[in-house]
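Spelled out, the chains give:
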Amino acid sequence: MSDILIVDDERDIRELIGDILQDEGFETRLASNSDECMREINSAVPALMILDIWLKDSDMDGIDILKHVKREHPQVPIIIISGHGNIEIAVAAIKQGAYDFIEKPFNIDQLMVVIGRAMEASRLRRENATLKRSSGGDVEMIGVSAAFKALKGNLDKVTKSNGRVMLTGPAGVGKEVAARYIHTQSERRDAPFVTVSSATIEPDRMEEVLFGRESVERGIEKGLLEEANGGVIYFDEVADMPLGTQSKILRVLVDQRFTRVGGGAQVSVDLRVISSTSRDLLAEIEGGTFREELYHRLNVVPIEVPGLEKRREDIPELAAYFIEKLNREQGLPLRNLSEDASAMLQTMGWPGNVRQLKNVIERVLILGEPSGDIDASELPAQESSAESDGQAMLSPAIATLPLREAREVFEREYLLTQINRFGGNISRTATFVGMERSALHRKLKSLGVVTGNKQGNRVAYVSEEAE
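Here the structure is a predicted model, which is why all the values come from computation and not from measurement. (Residues numbered from 1 in each chain as written. Predicted model: local features only at pLDDT ≥ 70, side-chain atom pairs only at ≥ 80, totals over all residues. Heavy atoms only, no water.)

Our next topic: the pattern of salt bridges. Inspection of the entire model under this criterion finds 28 salt bridges. Ionic pairing is found between D156 and K152, a salt bridge with its closest N-O pair at 3.5 Å. On the criterion of helical spacing, the pair formed by D156 and K152 is a turn pair, its members being four residues apart in helix α6 (residues 146–158). Look at D156 and you get partly exposed, because its relative accessible area is 34%. Two residues, D255 and R251, come together in a salt bridge whose shortest N-O distance is 3.5 Å. In this pair, D255 and R251 both sit in helix α10 (residues 243–255), four residues apart, roughly one turn of the helix. Among the residues examined, D255 registers a relative accessible area of 29% and is labelled partly exposed. Through salt bridges that share partners, D8, E10, D52 and K104 make up one connected network. (Salt bridge = Lys/Arg side-chain N within 4 Å of Asp/Glu carboxyl O. Helix = DSSP H or I, 4+ residues; strand = E, 2+ residues; numbered from the N terminus. Buried < 20%, exposed > 50% of the residue type's maximum accessible area, 1.4 Å probe, protein only.)

The subject of this paragraph is a negative patch on the surface. Together, E339, D340, D373 and D375 make up a negatively charged patch on the protein surface. With respect to the element layout, D340 can be found in helix α14 (residues 339–347). Classification of D340 as exposed rests on a relative accessible area of 52%. (Patch = residues over 30% accessible without salt bridge, like charges linked within 9 Å, V, L, I, M, F, W, Y side chains within 5 Å. Areas by Shrake-Rupley, 256 points an atom, 1.4 Å probe, with all protein chains shown as cover. Lys, Arg positive; Asp, Glu negative; His and termini not counted. Charge placed at Lys NZ, Arg CZ, Asp CG, Glu CD.)

Take a nonpolar patch on the surface next. On the surface, F410, Y414 and F432 cluster together into a nonpolar patch covering about 280 Å² of accessible area. Along the chain, the position of F410 falls in helix α17 (residues 403–421).

Judged by pairing direction, the sheet is parallel, and its five strands sit side by side in the order β2-β1-β3-β4-β5 without closing on themselves. The open sheet is flanked by β2 (27–31) and β5 (100–103), the only strands paired with a single partner. Within the sheet, the average angular offset between the axes of one strand and its neighbour, ignoring direction, is 20°. Strand contacts of helix α2 (residues 34–43): β1 (3–7), β2 and β3 (48–52), with the helix running at about 145° to β2, the strand carrying the most contacts. This element, helix α4 (residues 87–95), spans β4 (78–82) and β5 of the sheet and lies at about 150° to β5. (Pairing = 2+ DSSP bridges. Axes fitted to C-alpha atoms, helices over the stretch in contact; angles between N-to-C directions. Contact = heavy atoms within 4.5 Å.)

Here strand β6 (residues 165–168) runs beside strand β13 (residues 272–277); their pairing, made up of four bridges, is parallel. Bridge assignment links L167 to a residue of β13, and that residue is S276. Judged from the four bridges that link them, β6 and strand β14 (residues 301–304) form a sheet pairing that is parallel. Across the sheet, residue L167 finds its bridge partner in β14, namely I303.

Right, let's talk about unusual backbone geometry for a bit. Despite not being glycine, D57 has its phi angle at roughly 55°, a positive value. Relative to the elements of secondary structure, D57 occurs in the loop between β3 and α3 (62–72). With a phi close to 60°, N353 is a non-glycine residue in the positive phi region.

Structural data, given as structure tokens:
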């Protein structure tokens, strides 16, 4: 796309414009009617078109060609020229997407100025689209835990295919990060990655946002599916998509074609589809809010993104990553985590998962000291460690027990927490709690605590015999 296509039924005019543009360093192609014009476009899409409104001996006039090109190649700027110009024709051309309208006989200097502006505007739009695609969100995968390694292994397996992937997991676990990782590691890495936020788009606008629209007043407006052409379309929280839209998306998945709202022509796209949900889609199907056929189309490769509870080993590394990122992007203090702070983060509850961890770190950096290590006292208190009138509050499960039994419950809960914090690693747990490994094994046996693999993760739990 490096040349200018000149379409005019007057030979002298098209050759004159072509010679002048060639003298200015442009490559040109010439067409005298609509058939020649369409052949040239089909052979190679031009960088810009100069198009006459009235074309003798042609099946299509300039406005018809303008509509076609703007529908199939909306990025191509088109300058309309006419020897029978009037305000109505000019307005009609601009509404259909023409960059500008010039009346014959025109001044060559004027034409060159308009061409220069049109080429620059086209270049800026392409650069802006590239920047939007490349600046959208984190793709760094952070972690060392068994659960993280299992996730990354599954993601690596699907990067080289075009198979549809369904990412599942609770809110805040990083499903979009996983989707972007698939994109950046795939052969489509240089093509667009477009996110469809199903939960935030108003249901009555969903089809317009996805498929785009055509109207006389505003011409052609591309939807998200067209913007993603050649790349990845990511349906975030797909369960929130309206039922009516689900049936149309199903057809797009089958045909890779659709029709814009208000339009009549079919638009073809080449898309890889990744979707995500934090809800049980089988329950949604049972409740009649999600189409079963769409579920099976999207759920070709299901991958679970684990919550933070299953990857506590990764919390210090994730926290350090967020500290560095917030320092780089917002200028917040670059501080280290103390050992006590790391330990406390690993033992806290994280219903909001990685997103909640990032928010906690940001709050600490904003409200805390400007330098020095982050101490455990700067972290938000948990309900289990709350105090009332200066007195420590015990949980009801412990407060109602005799000392010996309460101590046993505390030791069991404490050691379960520490073992899971270290990903089931008994040696690291023994070092942290200050016990010999053999002594820790005896203590765990007396408390009925065992370790084993559950869903690919090494975890500690209370044996059935001890319960």
